[in-house]
Amino acid sequence: MLAIVVGMMASARLRASLGLTPQSVTSGDLRDRIFELARRAGITLQQLYVIPTKQRRLANAFAVQQRLVVLTDLLLDELDRDEVDAILAHEITHLKHQHPQKLAFLAMIAPVATIFFMGRIGAWMPLIAFTGSMALMLTFSRRASSAPPIAGPSRSAAIPRR
């Protein structure tokens, strides 16, 4: 799901045709809260964006290499302030630990490994190399996302148990 959103962000023409153009948040309480969380974590946040996804029922948030945080409007509409703050702290944690840069590096391993092994050991090796690299990326992504936030409210205090 995240790959779809990131891919759409990469193509301005596709974003515009689907109505998914990110809107920068230049003022207001939400911007103030995330910039304060970032400051407390020692991160200089560059910008906060909101993508309109209500019609597609997509609620998501992610951190991007250039010290950007992107949220969807559905996420903001469906969650209360404490839940949004917990998600913001989680995304700041990704930036603090440089997870977007590490994930980008791992994404480069898949095609390099595929090209390196192509034809060297057998017809199945490129598929095995690619699958292994993807598994490594997914494992890293899941482990990075399970780390507790370093700033902001605690997960247990911010997200009510249901």
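Here we take up the pattern of salt bridges. As a working rule, side chains carrying opposite charge can pair if their charged atoms are close by. The final tally for this structure, using the stated rule, is five salt bridges. Measuring nitrogen to oxygen at the nearest pair gives 2.6 Å for the salt bridge that ties Arg39 to Glu36. Separated by three residues within a single helix, Arg39 and Glu36 lie in helix α3 (residues 29-40), roughly one turn from each other. In this structure Arg39 comes out as exposed when scored by relative accessible area, which is 54%. One connected set of salt bridges, linked through shared partners, spans Asp29, Arg33, Arg81 and Asp85.

To continue, consider the confidence of the model for the protein chain. Confidence in the prediction of the protein chain, expressed as mean pLDDT, is 75, and 60% of residues score 70 or more. At the low end of the mean pLDDT range in the protein chain sits helix α8 (residues 155-158), at 40; at the high end sits α3, at 93.

Counting through the fold element by element, Ser27 comes out in the loop between β1 (23-24) and α3. Each C-alpha atom of the pair Ser27 and Leu48 lies 9.9 Å from the other, and the pair is 21 residues apart in sequence.

As a further point, take the side chain of Arg31. Locating Arg31 in the fold gives a position in helix α3. Among the polar contacts listed, one links the side chain of Arg31 to the side chain of Gln47, at a separation of 2.6 Å. Excluding anything up to four places from it in sequence, Arg31 contacts Val25, Thr26, Gln47 and Leu48.

Reading the values: rules and limits
- Residues numbered from 1 in each chain as written.
- Predicted model: local features only at pLDDT ≥ 70, side-chain atom pairs only at ≥ 80, totals over all residues.
- Heavy atoms only, no water.
- Salt bridge = Lys/Arg side-chain N within 4 Å of Asp/Glu carboxyl O.
- Helix = DSSP H or I, 4+ residues; strand = E, 2+ residues; numbered from the N terminus.
- Buried < 20%, exposed > 50% of the residue type's maximum accessible area, 1.4 Å probe, protein only.
- pLDDT = per-residue confidence, 0-100.
- Polar contact = N/O pair within 3.5 Å; in protein donor to acceptor, adjacent residues only side chain to side chain.
- Contact = heavy atoms within 4.5 Å.

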